[in-house]
Amino acid sequence: MDWIINDELGLTVGHVVGYVSAAFMVVGGVLPYVPQYKQIKQTQDPEGFSLHVCLALLIANSLRILFWFSSRFEIPLLVQSVVMNITMFIMIHLCVTVRRNNAIMRTRERVFSDFDSRYFWNWTDFQSYLDFMLVVWVVGAFVTYLMLSVTWFMETIGFLAVFTEAMLGAPQFLRNYRNKSTHGMSICMVIMWTAGDMFKTGYFILRHAPTQFWICGTLQVSLDLAILLQVYIYRKNPPRSTHRGD
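All of the points below concern the structure found in this document. Because the structure is predicted, anything quoted here is derived from the model rather than measured.

## Digging into helix 6 (residues 151-166)
With 16 residues, helix 6 ought to run about 22 Å at 1.5 Å a step, and its terminal C-alpha atoms sit 23 Å apart, in line with that. Of the residues making up helix 6, those classed as buried are F153, M154, I157, G158, A161, V162, E165 and A166.

## Structural notes on the nonpolar core
Taken as a class, soluble globular proteins show a tendency for nonpolar side chains to be buried jointly. By size, the foremost hydrophobic cluster in this structure holds 32 residues, and its most contacted members are Y33, F49, L51, M88, I92, W121 and W193. Looking at this core, the elements with two or more residues in it are helix 2 (33-43), helix 3 (51-68), helix 4 (75-102), helix 5 (126-147), helix 8 (187-206) and helix 9 (211-233). Formed by 18 residues, the second largest nonpolar core is a distinct cluster that contains F73, A161, A166 and Y203.

## Notes on a nonpolar patch on the surface
On the surface, V135, V139, F142, V143, Y145 and L146 cluster together into a nonpolar patch covering about 620 Å² of accessible area. Inspection of the secondary structure assignment puts Y145 in helix 5.

## Some details on the packing of helix 3 against helix 4
One way to put it is that helix 3 packs onto helix 4 with a least axis distance of 9 Å and a crossing angle of 155°. Classed by the angle they form, the pair helix 3 and helix 4 counts as roughly antiparallel. Where helix 3 crosses over helix 4, the two elements pack in a sense that is left-handed. Tallied by class, the residues present in the contact of helix 3 with helix 4 amount to 16 nonpolar, five polar and two charged.

What counts as what
- Residues numbered from 1 in each chain as written.
- Predicted model: local features only at pLDDT ≥ 70, side-chain atom pairs only at ≥ 80, totals over all residues.
- Heavy atoms only, no water.
- Helix = DSSP H or I, 4+ residues; strand = E, 2+ residues; numbered from the N terminus.
- Expected span 1.5 Å × (residues − 1).
- Buried < 20%, exposed > 50% of the residue type's maximum accessible area, 1.4 Å probe, protein only.
- Core = buried A, V, L, I, M, F, W, Y, C linked by side-chain atoms within 4.5 Å.
- Patch = residues over 30% accessible without salt bridge, like charges linked within 9 Å, V, L, I, M, F, W, Y side chains within 5 Å.
- Areas by Shrake-Rupley, 256 points an atom, 1.4 Å probe, with all protein chains shown as cover.
- Salt bridge = Lys/Arg side-chain N within 4 Å of Asp/Glu carboxyl O.
- Axes fitted to C-alpha atoms, helices over the stretch in contact; angles between N-to-C directions.
- Parallel < 35°, antiparallel > 145°, perpendicular 65-115°, else oblique.
- Left-handed = near helix turned anticlockwise from the far one by under 90°.
- Nonpolar A, V, L, I, M, F, W, Y, C, P; charged D, E, K, R; others polar.

If you want it as structure tokens, here you go:
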């Protein structure tokens, strides 16, 4: 029997742990990006951070929101998706702004409306990233509305949501591998990724979240550990100059 903290409210230790866990689920995913944001802000160099991490999270959390209409999983997970999308737009805005400020010569603007696949997710204005995601949201909402009663389709949406999020470390891993360096990437961010993903995976298991959630959570932790291994392997390598593309 739980120890009653407050008889009038009937608040128990179990309740407190549940509320704290839910609150951490909402804001915990955002915390790893604080040191990366500060590092980019201080160095005025966004090239060590892959913007495709933001793309992966925006797609993953948008799909998770759509999946919620079919499988009403816990509200903290839904709120976390909204908060994470906002956070990714903040990161994109910073990186795009710094890149524009660092440009030695004014080059031709590359925008979403050009529909040039060579510059996909490497646009030169923040509005293009918003426009692309608006298209994704409108199309996703329309298709979900039509297919909401089709179980296999909605289950696929749920799987794609957690699988895409599980692979968010892959762009950063590949960027580090190409550069043979982790210069410009916040190590603190990756450590917090790892801790947060371990907590999140455990939360999924304990709260009996859909099976896709905890399986892909395990994959996500594995990628985090692989990036930390890169930090060790490339620790003596000098920073390498990178192109402006992602």
